[in-house]
Every structure is written in C-alpha cells, then in structure tokens.
Amino acid sequence: VDIEALKKWFLEQKRDFSWRENPTPYVVWISEVMLQQTRASIVGGYFERWMALFPDVKTLALAPQEEVIKAWEGLGYYNRARNLHLAAKYILEKHEGIIPDGREELEKIKGLGPYTIGALLSFAFHQRAAAVDANVTRVLARYYHVEEDVTKAKAKQFIQLKTENLLPEIEPWVCMEALIELGSLVCSKVAKCIRCPIKRGCKARELKRQHLLPKKPPKKKIKLLHRNVIVLMYQDSVLLRKTGSGLMADLYEFPYFEKENQQEETLLTFLSREAIYKQHLNVVNHTFTHFKATLFPSIWRALRKEIFNNYIWVLKKDLEKFPFSAGHRKIIQQIEGMR
C-alpha cells in the first residue's frame, strides 16, 4: 500500500468534524461509539449536544441514567448509552475520571470492544494501534482480495494483522484515520476506484471483483410488526410505560398491542368501559435492528384516572423530558401539532 499517497489524500480530503478539532480521549471515545452504525453527517448534532450536557467523564458518571438515555434518543442501539454510563462510573471509581492509555486497562472497561480500544490508543494516545471498523475491512478485503467471509475469525485476523503492519512508525494515527476515511468516502459500498489514492495495488480492482467484496453472511430477515398504539389521556395527563428489558430498555412508550396478539386485558377492559375513542393519528413506520414496525396510533379520553401496574401518568407538557424510541417520538410530534 502506498502509505504516502494515502496520507496525502487524507490530509487534502478529510472532512471537518467537531470531534477532530481536539481529539482528547473522552472526545474520541464518545464520538467513536456514536459513529458505530450511524453516518458521520447525522452524528454531529448529537455529539455537540452530548458534550454540552456531559463535557467529561465525571459529569457523565454522575448524571442520572434517564438523562443519559434521553441524550442518546434517536441514535438507536441504546445499550451503547448504558455502557457509556457504566464505563464512566468505572473510570471515575478506578482511574479518578482519567481514561487509561494502556490496552490492558482499557479491556477491563465494560462496553469497550477491540475497535473502540484501537481508536482510543491510535487517535487519542497516538500509539501504533489498529482500529479496524467496517470501512477498513472493506478497503483491505478488496485491496488484498480476501475471499473469505469477513465476519469469520480467519479473515478478521488477516485484516487485523495487515492493518497493524501497514501502520508506519511515524504518525501511525494519521494513516489509521486515513484508511477509515477512504472506506467511508471512496471505497464505499459502490467503490469509486477512479478517486482512490491506492488503486494501483488493489487486487480486487485488477480482477474487476471489487463489487463482490467484502463477503458477508446473508442479512437477517426483517420481522414485520403491526401495533395498535393507545394514546390515553386524562385531562392534561398521558399514560406511559417504561420498557424493562430488550432493545428498547429504559425508554418510555405509549401502551400498544400487537395486532395479532391482543394482550394487556386490564387496559383493554378499561378502554372498552371507561374511555372514549377520539381519533386516529397518522400511521407511523419505525425500523430498528431486524424489525420493521407499523404503528397505528389512536387518541382516547379516560373518564377517570385509573392506576395501572407498570404504567405512569405524565403531564403532556412534560413528554419532551422523557426518552422515547423514534416511532413513539413521531407520535408525540403529531400530538404536539394538535390544538
């Protein structure tokens, strides 16, 4: 790989992001976790809001979990926010709020995987460390014509070693970030080979097989969900529940019933006897991980304020304080748009 050509390209083409201005260990950590599964163009606003709320490890560690989840609202993969919070508590307790600069210590912190550790060692501590993400995997799988499934151990190990060997002794972090940027901007899903600074040595390009690599297992089938969502109001209050576990743990939501499986008999009985149907709202589509949910929201007026297990009544004006999934947040926007 022509490292000098790669570095030159990167220094000319790299995008301006707020987290690149002052890459402290905390800035690198938060931005890298946010950038997993989310495009850089979307992360900007979230990152700046997060830094305003939690400017350092100590502030994050001492913040209530609900506040942390709320700040993450809309990014999905909420386990990452929970792990950031737990990790901040651990770093405050074990390292006085200072992120350690050694691999061994970083590996003890919950939620820090090989990529995030590599990114911290490289971008924050300027060590010669590989940070192999999907972008780097795509670049090197094509460059070296890796025909194995890149999610398997053998291919992963090969790409990890190739990345480590590519990094120069002088400013290895520049080369590491350049590989990531190259995968994001040029060697993307549809390879833009004409713009590639290292195209000369690329085996997949030589063989005209770049569109076939990297090889991955088939995507999981999307499961379709159809849910009746009940926006139950009593005067200025709305009924909510907090999710206990699973993908959406610690988020709030309106009561809903799977169309195929009407559970929650207590609430259904209450609706039929003690509430008045008012209107339907617009249908909402919400995709998360391997699910595609179609939400059918409707507004109901309760004739009295019943107390239900696992539910709370919240003032309508306070809804914005609670973290919701993207689908239920769209329902709130519809409610707020009504007079």
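Let's hear about the overall build of the protein chain: which residues, and what values?
Along the protein chain, the regular secondary structure elements total 15 helices and eight strands. For the protein chain, the proportion of contacts with a sequence separation of at least 24, taken over those separated by at least 6, is 68%. Only carbon and sulfur atoms are counted for the fraction: they give 51% of the accessible area of the protein chain, which is about 18500 Å². Each charge class in the protein chain was averaged separately, 54 positive and 39 negative side chains, and the resulting centres sit 7 Å apart.

I'd like to hear about helix α6 (residues 65-72), residue by residue, with values.
Those residues of α6 lying buried are Val68, Ile69, Ala71 and Trp72. Angularly, the buried residues of α6 cover 160 degrees about the axis, an arc narrow enough to put them on a single face. For α6, the secondary structure elements touched by its buried residues are α3 (25-35), α4 (40-53), α5 (57-62) and α7 (78-95). Remark: Gly74 follows α6 within two positions and exhibits a positive phi of approximately 105 degrees.

Provide a residue-level description of the nonpolar core, including the pertinent values.
Membership of the largest hydrophobic core comes to 98 residues, with the highest contact counts inside it found for Tyr26, Trp29, Ile30, Trp50 and Leu60. Every residue in contact with Ile30, bar those within four places of it in the chain, is listed here: Phe47, Trp50, Met51, Leu60 and Leu84.

Before we move on, can you summarise the pattern of salt bridges with the specific residues and values?
By the definition in use, this model includes 20 salt bridges. The residue Glu177 makes a salt bridge to Arg20 at a minimum N-O spacing of 2.8 Å. Highlighted residues: Glu177 in helix α12 (residues 172-185) and Arg20 in helix α2 (residues 18-21), separated in sequence by 157 residues. Judged on exposure class, the residue Glu177 and its partner Arg20 are both buried. Salt-bridge contacts for Arg241 lead to Glu253; the nearest nitrogen and oxygen are separated by 3.0 Å. A residue pair is termed long-range when its members are at least 10 positions apart, and Arg241 in strand β2 (residues 237-242) and Glu253 in strand β3 (residues 252-253) qualify at twelve residues. For the pair Arg241 and Glu253, a shared accessibility class is recorded, and that class is buried.

Just give me the short version of helix α11 (residues 153-166), but keep the residues and values in it.
Over its 14 residues, α11 runs 20 Å from end to end, which matches the ideal 20 Å to within 8%, given 1.5 Å per residue. All of the buried residues in α11 are Ala155, Ile159, Thr163 and Leu166. The arc that holds every buried residue of α11, seen down its axis, measures 70 degrees, which confines them to one face. Turned more than 90 degrees away from the buried face of α11 sit Ala153, Lys154, Gln157 and Asn165, all of them exposed.

An account of the side chain of Ser31 is needed here, citing residue identities and associated values.
Residue position: Ser31 is located in helix α3. What makes Ser31 buried here is its relative accessible area of 1%. Ignoring anything within four residues of it in the chain, the contact list for Ser31 reads Trp19 and Phe47.

I'd love a proper account of the packing of aromatic side chains, names of residues and values included.
When we look at a pair of aromatic rings, we describe it by the centre distance and by the angle of the planes. Within the structure shown, the criterion is met by 13 aromatic pairs. Centre to centre, the rings of Tyr143 and Tyr144 are 5.1 Å apart; their planes meet at 75 degrees, and the pair counts as edge-to-face. The two residues Tyr143 and Tyr144 agree in class, both being buried. Considering the side-chain rings of Phe270 and Phe308, the 5.2 Å spacing of their centres and the 85 degrees angle between planes classify their relative orientation as edge-to-face. Residue Phe270 is located in helix α14 (residues 265-274), and its partner Phe308 is located in the loop between β7 (291-302) and β8 (311-315); the two are separated by 38 residues in the primary sequence. Aromatic ring contacts, followed pair by pair, group Phe17, Trp19 and Phe47 into a single cluster. Taking the ring centre of Tyr77 as reference, the NZ or CZ of Arg80 above it sits at 4.6 Å. Over the ring of Tyr144 we find Lys162; its NZ or CZ atom is 4.7 Å from the centre of that ring.

Cut-offs applied
Residues numbered from 1 in each chain as written. Predicted model: local features only at pLDDT ≥ 70, side-chain atom pairs only at ≥ 80, totals over all residues. Heavy atoms only, no water. Helix = DSSP H or I, 4+ residues; strand = E, 2+ residues; numbered from the N terminus. Contact = heavy atoms within 4.5 Å. Areas by Shrake-Rupley, 256 points an atom, 1.4 Å probe, with all protein chains shown as cover. Lys, Arg positive; Asp, Glu negative; His and termini not counted. Charge placed at Lys NZ, Arg CZ, Asp CG, Glu CD. Buried < 20%, exposed > 50% of the residue type's maximum accessible area, 1.4 Å probe, protein only. Arc of directions from axis to C-beta. Core = buried A, V, L, I, M, F, W, Y, C linked by side-chain atoms within 4.5 Å. Salt bridge = Lys/Arg side-chain N within 4 Å of Asp/Glu carboxyl O. Expected span 1.5 Å × (residues − 1). Phe/Tyr/Trp six-rings, centres within 6.5 Å; stacked < 30°, edge-to-face > 60°. Lys NZ or Arg CZ within 6 Å of the ring centre and 35° of its normal.

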